Amino acid sequence: MGGVPLNFTADPVRVRVPATSANLGPGFDALGLALALYDDVAAEVTDGGVRVAVTGQGAGELPDDDRHLVVTAMRATFDALGGQPAGLAVECVNRIPQARGLGSSSAAIVAGVLLARALVADGADRLDDAGALRLAADLEGHPDNVAPCLLGGFTVAWTEPTGARAVSLAPAAGVHPTVFVPDERGLTATARAALPATVPHPDAALTAGRAALLVHAVTAAPALLLPATEDRLHQHYRAEGMPATYALVTALRGAGVAAVVSGAGPTVLALTEPPAEFLPGTGWQVWRLPVDGSGAQVVRGRLGHAERDPVAAGRMS
C-alpha cells in the first residue's frame, strides 16, 4: 500500500477498550487479563486542528491536544498507514483509573491504534490485527497490557525479532477477579526503577515454574491459583515504594486468597474470592470485575448516551 494516498472516512468511529491487569504475579511482562471495566473513545477526521474532550477519570488533568496519549497513538498509526489527516476530534469517556496498575495507558494506546485504522477506508488491509498488536506494544514498551486489551481473556504475550505476539486463552469458571484500588497513584517507571539488574538463579527458577503453573491454573485448575501466583521476580523489590499494597497482598495471601500486585501497582488483584468479612481499610475501593472475553470493540458512529455515562461501566461493587 506504500505510496497510495489515504482515503479517510467521513463518519466518526468509536471503540470500547477494557481495563487490564498484567504480570499476575510470576508472569512478569508476559501474562495479562482483560477486565470488564471500560473506556469509551470516539474520533473523527476534521478540517484542521486537534480537539480532545475528556470525561470521567483524568478529566481536567489530561492534555486536550496532540499530547494526549490517544492522539499520540493515532498519529503513530496514521504514519504507519501512510499519511495524516488534516485534523482530529476525539472524545474520551474514561472509567479506568489513571496510574493505578489497571492498564489505562495501554487502553489509550489500543484505542488510538484501532480508531486511526478504522478512520482509513482500507486501514485493516494496511495494518492487520497482528500489526496492530506490534504497533501498540512498541508504543507501550511491552506487550503484557496491550495484548489482553486487544484480544480479551487471559493472554500470554512474547516478543520476537519482528515484534510482539500474543495468544488469548479462556479462563476457567473458577477465576473470579476482584480489584482493590487505592486512592494513591503509582508510576510504572518508578516501579520498574526499583527492580535490580539481576536476580538470584533460584528465584528466577521458582518464578518460571510458577508462571508455567499459572497458565494451567487460570485455564483449567483454579484450585492451584494460590501457589501458582507466587512470585520472587519483582513484587517484593517494589514493596518499599508501595507498602500498603504489599501489606494487602500479604494479608490476602495469608487468608488463602490468590492475590498479586496488579501491573506495576498500586492496585491489588485477587483471582479468587476474598473472605466476605475481609476489609482492606480506608483509602481503598473494592470492585468485583468479570473477565472481559472480547477485547477492544470498534463500531461506526459517535458515542451515545450510554457510552457517555462516566459511571464505571461493567463495575460491580
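Refer to the structure above for everything that follows.
Read on for a plain summary of the structure.

So, how was this worked out
- Residues numbered from 1 in each chain as written.
- Predicted model: local features only at pLDDT ≥ 70, side-chain atom pairs only at ≥ 80, totals over all residues.
- Heavy atoms only, no water.
- Helix = DSSP H or I, 4+ residues; strand = E, 2+ residues; numbered from the N terminus.
- Rg over C-alpha atoms; globule rule 2.2 N^0.38 Å.
- Buried < 20%, exposed > 50% of the residue type's maximum accessible area, 1.4 Å probe, protein only.
- Contact = heavy atoms within 4.5 Å.
- Areas by Shrake-Rupley, 256 points an atom, 1.4 Å probe, with all protein chains shown as cover.
- Lys, Arg positive; Asp, Glu negative; His and termini not counted.
- Charge placed at Lys NZ, Arg CZ, Asp CG, Glu CD.
- Pairing = 2+ DSSP bridges.
- Right-handed = clockwise from strand over helix to strand, strands pointing away.
- Salt bridge = Lys/Arg side-chain N within 4 Å of Asp/Glu carboxyl O.
- Phe/Tyr/Trp six-rings, centres within 6.5 Å; stacked < 30°, edge-to-face > 60°.
- Patch = residues over 30% accessible without salt bridge, like charges linked within 9 Å, V, L, I, M, F, W, Y side chains within 5 Å.
- Axes fitted to C-alpha atoms, helices over the stretch in contact; angles between N-to-C directions.
- Polar contact = N/O pair within 3.5 Å; in protein donor to acceptor, adjacent residues only side chain to side chain.

**Brief notes about the overall build of the protein chain**
Thought 1: For the protein chain, the helix and strand inventory stands at 10 helices and 11 strands.
Thought 2: Over its C-alpha atoms the protein chain spans a radius of gyration of 19 Å, differing by no more than 12% from the 20 Å that the globule rule assigns to 317 residues.
Thought 3: Along the longest, intermediate and shortest principal axes, the C-alpha atoms of the protein chain span 60 × 40 × 35 Å.
Thought 4: With 317 residues in all, the protein chain has 51% of them scored as buried.
Thought 5: Residue pairs at least 24 apart in sequence account for 75% of intrachain contacts in the protein chain once pairs closer than 6 positions are excluded.
Thought 6: When the accessible surface of the protein chain is split by element, carbon and sulfur atoms take 54% of a total near 13,100 Å².
Thought 7: Between the averaged position of the 22 positive side-chain charges in the protein chain and that of its 31 negative side-chain charges there is a distance of 2 Å.

**Some words on the pairing of strand β4 (residues 87-94)**
Thought 1: In terms of residue burial, β4 counts as a mostly covered element, since 7 of its 8 residues are buried.
Thought 2: As defined by bridge partners, strand β2 (residues 31-46) adjoins β4 across 7 bridges and the pair is classed as antiparallel. Note on β4: the bridge partner recorded for Ala42 is Glu91.
Thought 3: What joins strand β3 (residues 49-56) to β4 is helix α1 (residues 69-81), and the crossover it makes is left-handed.

**Notes on the pattern of salt bridges**
Thought 1: Per the counting criterion, the structure on display carries 13 salt bridges.
Thought 2: A salt bridge links Glu61 to Arg185; its shortest N-O distance comes to 3.1 Å. Placement of Glu61 in the loop between β3 and α1 and of Arg185 in the loop between β7 (178-182) and α6 (188-193) is noted, with a sequence separation of 124 residues between them.
Thought 3: Residue Glu160 is joined to Arg165 by a salt bridge in which the shortest nitrogen-to-oxygen separation is 3.3 Å.
Thought 4: The partly exposed category is assigned to Glu160, whose relative accessible area is 30%.
Thought 5: Looking at Arg165, the relative accessible area reads 43%, which means it is partly exposed.
Thought 6: Through salt bridges that share partners, Asp203, Arg210, Glu230 and Arg232 make up one connected network.

**Remarks on the packing of aromatic side chains**
Thought 1: For the structure on display, the rule yields 2 aromatic pairs.
Thought 2: Where Phe8 meets Phe78, the ring centres are 5.7 Å apart and the plane angle is 80 degrees; that geometry is what we call edge-to-face. Of this pair, Phe8 sits in the segment before β1 (13-22) while Phe78 sits in helix α1, and the two are 70 residues apart along the sequence.
Thought 3: The interplanar angle of 80 degrees and the centroid separation of 6.3 Å between the aromatic rings of Phe180 and Phe278 together place this pair among those described as edge-to-face. In this pair, Phe180 is assigned in strand β7 and Phe278 in the loop between β9 (268-270) and β10 (284-288), connecting sequence segments 98 residues apart.

**Structural notes on a nonpolar patch on the surface**
Thought 1: On the surface, Trp158, Val167 and Leu169 cluster together to form a nonpolar patch covering roughly 210 Å² of accessible area.
Thought 2: Inspection of the secondary structure puts Leu169 in strand β6 (residues 163-169).

**A word on the side chain of Thr178**
Thought 1: Inspection of the secondary structure assignment puts Thr178 in strand β7.
Thought 2: In contact with Thr178, other than residues within four places in its own chain, are Val268, Leu269, Ala270, Glu273, Pro274, Val286, Trp287 and Arg288.

**Observations concerning unusual backbone geometry**
Thought 1: The omega angle of the peptide bond from Gly265 to Pro266 is 5 degrees, so this bond is cis rather than trans.
Thought 2: With respect to the element layout, Pro266 can be found in the loop between β8 (259-261) and β9.
Thought 3: The backbone of Leu24 sits at a positive phi, close to 55 degrees, despite the residue not being glycine.
Thought 4: With respect to the helices, strands and loops of the structure, Leu24 is situated in the loop between β1 and β2.
Thought 5: Relative accessible area serves as the criterion here: at 1%, Leu24 is assigned to the buried category.
Thought 6: Phi at Asp29 is positive, roughly 60 degrees, even though this residue is not glycine.
Thought 7: You can see Asp29 is positioned in the loop between β1 and β2.

**Focus on the sheet that holds β9**
Thought 1: Sheet architecture is open: 4 strands sit in the order β8-β9-β7-β10, paired in antiparallel fashion. The sheet terminates laterally at β8 and β10, the two strands that pair on one side only. Across the sheet, the mean angle from the axis of one strand to that of its neighbour is 20 degrees, orientation sign disregarded.
Thought 2: Here 3 bridges tie β7 to β9, and the two strands are oriented antiparallel to one another. For Phe180, the partnering residue across the bridge sits in β9 and is Val268.
Thought 3: Where helix α9 (residues 243-254) meets the sheet, it contacts β7, β8, β9 and β10, and its direction lies at approximately 165 degrees from that of β8.

**Points about the side chain of Thr20**
Thought 1: Secondary-structure assignment places Thr20 in strand β1.
Thought 2: At 2.7 Å, the side chain of Thr20 and the side chain of Asn145 are in polar contact.
Thought 3: Beyond its immediate chain neighbours, meaning those up to four positions away, Thr20 contacts Leu33, Ala34, Gly101, Leu102, Gly103, Asn145, Pro148 and Cys149.

Bear in mind that shape data such as this cannot, by itself, settle questions of function.
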